[in-house]
Amino acid sequence: MDNAKTGLWDVFKSVAASVFGVQSSANRERDFQQQSFVPYLVVGVVFVVALVVSLVLIVSAVLPS
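Note that residues are indexed from 1 along each chain, following the sequence as it is written. Reporting in this predicted model follows two pLDDT cut-offs: at least 70 for local features of residues, and 80 or more for side-chain atom pairs to be given and counted; totals over whole chains, interfaces and linings ignore these cut-offs and use all residues. Excluding hydrogens and water, the side-chain values take into account all heavy atoms of the structure.

- Going by the annotation in an unreviewed UniProt entry, the name recorded for the protein chain is DUF2970 domain-containing protein, with Paraglaciecola agarilytica NO2 given as the source organism.

Set out below in structure tokens:
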């Protein structure tokens with residue numbers, strides 16, 4: 001497998017797939033061959049925060065005040 005850098009979209013897709021538990025082994029291996037884990041960490045934190053905020057907004061919109 002080549003050690004080409006992955007783009008931001010590839011990092012986002014990998015993080016989203018791993019959060020939902022559907023990451024393929026080929027993509028996981030590609031991710032672990034990267035030089036730096038920082039893009040995955042940053043995108044992962046932003047993704048999880050956005051997910052939690054969206055769930056809180058949905059629940060607060062559905063439940064009566």
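After presenting the structure, the write-up continues.
**Looking at the side chain of T6**
Part 1 of the argument: The secondary structure listing takes helices from DSSP runs of H or I that are at least 4 residues long and strands from runs of E that are at least 2 residues long, numbered from the N terminus. If you trace the backbone, T6 turns up in the segment before α1 (8–19).
Part 2 of the argument: Any N or O atom pair separated by 3.5 Å or less is treated as a polar contact, with the protein-specific requirement of one donor-capable and one acceptor-capable atom, and with residues adjacent in sequence counted only for side-chain atom pairs. There is a polar contact of 3.3 Å between the side chain of T6 and the side chain of Y40.
Part 3 of the argument: Residues are treated as being in contact if the distance between any of their heavy atoms lies within 4.5 Å. Not counting residues up to four positions away in its chain, the partners in contact with T6 are V11, R30, Q34 and Y40.

**Some remarks on the nonpolar core**
Part 1 of the argument: For the purposes of this section, nonpolar cores are sets of buried Ala, Val, Leu, Ile, Met, Phe, Trp, Tyr and Cys residues that join through side-chain atoms within 4.5 Å. Relative accessibility decides the category of a residue: with a 1.4 Å probe and only protein chains considered, values under 20% of the type maximum give buried, values over 50% give exposed, and everything between is partly exposed. By size, the foremost hydrophobic cluster in this structure holds 6 residues: V11, V15, A16, Y40, V43 and F47.
Part 2 of the argument: Taken together, the elements giving at least two residues each to this core come down to α1 and α3 (38–62).

**Here we look at the packing of α1 against α3**
Part 1 of the argument: Note on definitions: angles span 0 to 180 degrees between N-to-C directions of axes, and those axes are lines fitted to C-alpha atoms, for helices only across the stretch in contact. It is at 9 Å that the axes of α1 and α3 come closest, and there the two elements cross at 55 degrees. Classified by the angle their axes make, α1 and α3 are oblique. Between α1 and α3 the crossing geometry is right-handed. Contacts between α1 and α3 involve L8, V11, F12, S14, V15, A16 and V19 from the former and P39, Y40, V43, G44, F47 and L51 from the latter. When an angle is under 35 degrees it counts as roughly parallel; over 145 it counts as roughly antiparallel; between 65 and 115 it counts as roughly perpendicular; any other value is oblique. In this scheme the handedness of a crossing depends on how the near helix is turned from the far one: anticlockwise by less than a right angle means left-handed, clockwise means right-handed.

**Some thoughts on the environment of S14**
Part 1 of the argument: Tracing the sequence through the fold places S14 in helix α1.
Part 2 of the argument: Using a relative accessible area of 3% as the deciding quantity, one classes S14 as buried.
Part 3 of the argument: C-alpha separation for the pair S14 and R30, spaced 16 residues apart in sequence, amounts to 9.7 Å.
Part 4 of the argument: Discounting residues that sit within four places of it in the chain, S14 has contacts with Q23, R30, D31 and Y40.
Part 5 of the argument: Within the structure, the side chain of S14 is placed 3.1 Å from the side chain of D31, a separation counted as a polar contact.

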